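Report on the structure
If you want the building blocks of each chain, they are given just below.
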Amino acid sequence: MKVNKSRRKFLGRAAAGVTAAAIVTPRSLEALALGAQAARGASAQAHTSKPPLAVSSSNGVAAVTKAVEVMHAGGDTLDAVIAGVNIVELDPKDNSVGYGGLPNEQGVVELDASVMHGPTRRAGAVAALRGCKTPSKVAKAVMEHTDHILIVAEGAREFATALGFEDENLLTEESRIAWLRWKETLSKEDKWGPSPYVPAPASPAGQRRIALERERPSFLLADRYTGGNFERRDELLAWADEVAHKPPTGTINCIALDASLDISGVTTTSGLAWKIPGRVGDSPLIGCGLYVDNEVGAAGSTGRGEEVIYSNGAHMVVEYMKRGSSPEQACLDALKLVAARYGNDLDKLKDVDVNFYALNKRGEFAGAAIWNGSFARNGELRRRQFAAAPDGGKGRLFESAYLFERKA
Ligand code: ASP
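Structural notes, computed from the coordinates. (Residues numbered from 1 in each chain as written. Predicted model: local features only at pLDDT ≥ 70, side-chain atom pairs only at ≥ 80, totals over all residues. Heavy atoms only, no water.)

**Examining the overall build of the protein**
Of regular secondary structure, the protein possesses 14 helices and 16 strands. Across the 408 residues in the protein, those meeting the buried criterion constitute 53%. The contacts in the protein between residues at least 6 apart in sequence include a share of 66% that link residues at least 24 apart. Entry remark: accessible area of the protein is about 18500 Å², with carbon and sulfur atoms responsible for 52%. (Helix = DSSP H or I, 4+ residues; strand = E, 2+ residues; numbered from the N terminus. Buried < 20%, exposed > 50% of the residue type's maximum accessible area, 1.4 Å probe, protein only. Contact = heavy atoms within 4.5 Å. Areas by Shrake-Rupley, 256 points an atom, 1.4 Å probe, with all protein chains shown as cover.)

**Structural notes on helix α4 (residues 77-89)**
End to end, α4 covers 18 Å across 13 residues, agreeing with the expected 18 Å (1.5 Å per residue, within 8%). Turning to α4, its buried residues are T77, L78, A80, V81, I82, G84, V85, N86, V88 and E89. Lining the buried residues of α4 we find α3 (61-72), β3 (110-117), α5 (135-145), β6 (252-257) and β7 (263-269). (Expected span 1.5 Å × (residues − 1).)

**Focus on the packing of helix α9 (residues 218-226) against helix α10 (residues 230-245)**
Close contact between α9 and α10 brings their axes to 9 Å; oriented N to C, the two are set at 140 degrees. In terms of orientation, α9 lies oblique with respect to α10. Crossing hand, α9 versus α10: right-handed. Counting all contacts with α9, which are made through S218, F219, A222, D223, Y225 and T226, the residues of α10 involved are F230, R232, R233, L236 and L237. Here the residues of the contact of α9 with α10 are counted per class, giving six nonpolar, two polar and three charged. (Axes fitted to C-alpha atoms, helices over the stretch in contact; angles between N-to-C directions. Parallel < 35°, antiparallel > 145°, perpendicular 65-115°, else oblique. Left-handed = near helix turned anticlockwise from the far one by under 90°. Nonpolar A, V, L, I, M, F, W, Y, C, P; charged D, E, K, R; others polar.)

**Considerations on the pattern of salt bridges**
Taken as a whole and judged by the stated rule, the model has 24 salt bridges. Here R362 and E364 are joined by a salt bridge, their closest N and O atoms 3.3 Å apart. By relative accessible area, E364 is classed as partly exposed at 21%. Through salt bridges that share partners, R279, R304, E306, E307 and R341 make up one connected network. (Salt bridge = Lys/Arg side-chain N within 4 Å of Asp/Glu carboxyl O.)

**What about helix α6 (residues 153-162)?**
For α6, the set of buried residues is A156, R157, F159 and A160. Taken around the axis of α6, the buried residues stretch over an arc of 165 degrees, which confines them to a single face. Along α6, the residues that are exposed and aim more than 90 degrees away from the buried face are E154, E158 and A162. For α6, the elements touching its buried residues are β4 (122-130), α5 and β5 (150-152). Directly beyond the C-terminal end of α6, a positive phi value near 95 degrees is found at G164. (Arc of directions from axis to C-beta.)

**Comments concerning the side chain of T251**
Along the polypeptide, T251 turns up in the loop between α10 and β6. If we skip the residues at most four places from it in the chain, T251 touches S57, N59, S96, V97, T267, T268, T269, S283, S301 and T302.

**Things to note about the packing of helix α12 (residues 313-322) against helix α13 (residues 327-341)**
Relative orientation of the contacting elements α12 and α13 amounts to 135 degrees, with a least axis distance of 8 Å. Comparing the axis directions of α12 and α13 gives the class oblique. For α12 against α13, the interelement crossing comes out right-handed. Residue-level inspection shows G313, M316, V317, Y320 and M321 of α12 in contact with α13, the latter providing P327, A330, C331, D333, A334 and L337. Looking at the contact of α12 with α13 residue by residue, the classes come out as nine nonpolar, one polar and one charged.

**Re the sheet that holds strand β15 (residues 396-399)**
With respect to topology, eight strands assemble into an open sheet ordered β5-β4-β3-β7-β6-β2-β14-β15, the strand pairing being mixed. Of all the strands in the sheet, just β5 and β15 have a single pairing partner and so form its edges. Sheet twist, expressed as the mean angle between neighbouring strand axes with direction ignored, is 15 degrees. The pairing of strand β2 (residues 53-57) with β6 spans four bridges and is classified as antiparallel. In the sheet register, S56 faces β6, and the bridge partner there is C254. The strands touched by α4 within the sheet are β3, β6 and β7, with β7 carrying the most contacts at an inclination of about 20 degrees. Contacting β3, β4, β5 and β7, α5 crosses the sheet at an angle of about 135 degrees to β4. (Pairing = 2+ DSSP bridges.)

**Concerning the environment of F398**
When you line up the elements, F398 lands in strand β15. Take F398: its relative accessible area is 8%, and that puts it in the buried class. On a C-alpha basis, the gap between F398 and R383 in space is 9.7 Å, while along the polypeptide they are 15 residues apart. Beyond its immediate stretch of four places on either side in the chain, F398 contacts H47, F365, R384, Q385, F386, A388 and P390.

And the structure:
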């Protein structure tokens, strides 16, 4: 790579901002240069709002609108964010949160959630909770009814039942088809997949069917489910293939500030698709997927939970804000901790997706991601975004700041 003089200077400055732990290679220097560029560019358009304000991950446009409505009506900040995320938890089409979430490796949906109430400095959380569409409400019940913070697995289920939460099936038909597709793709040696030898039927139609079945047995389920709507079937199968090969993550984090300058937050998720039963991500861990300090601000995360746990992400974002950083700079600095664990190596980081969201008591807010976006199947770059309902208005999407740029 040719490096001209001014670029050398720029790279030097960028590298100086990295933590001492980072291994700085030529490749990582390039990445850091991008990071510095992104941080400078994005801070030119810092976002500020009068309260009430709600901020969330990009799947939360309706959630932030709802949260602001609740705060306008005099509701508490925690009730506001929970009412917001309940919309997404109950939406079967969002397969990263609540009902309709993609299941664990056994086909069972397990949910994680945490809440923090700024004014009373309390928190509650549940992890690996089964059978409850709104784990955020159970997390709040942990906060209100116990002196514990986190209850997991069967204990969480028993606690939810004791509090009157129904035990329901959370697996939608779409999620089940995707899960079965994933099982089929695992191994040619196991029993999930075509039988090694099936005699060819005589008719051309029978032969076509056997060929399809051999290639992808879940085709039959999808065909039955979509009842002759070939477009829907093919769409469902394409999606099932995508999530089977690249297990998606997804979550909703929502944080809010009201007119009394009180702050609360919630994070709720079905976690990593096809996870080992009992796997817990960052979302229910206070300080990782969510942190609130009523004197400073709030932060939350989505994306690869293991990375956020390593970096204690949300707590670090709030800590940086406490020391004077803007929400955007604080999010970018916490993302740099994640990148540093990979020696800032872009090849190693290419599949690492982490997003932080933050707001402070002054109404400044931001979202930031490791990458500027991801490429859609048609080759278009989908910019990373976050949702916010500023100035007590309706929710809309904003572009996230970022550390690194993906190049086509
Ligand atoms: N952070 C969540 C987890 O790791 C998933 C996500 O946000 O994508 O469980």
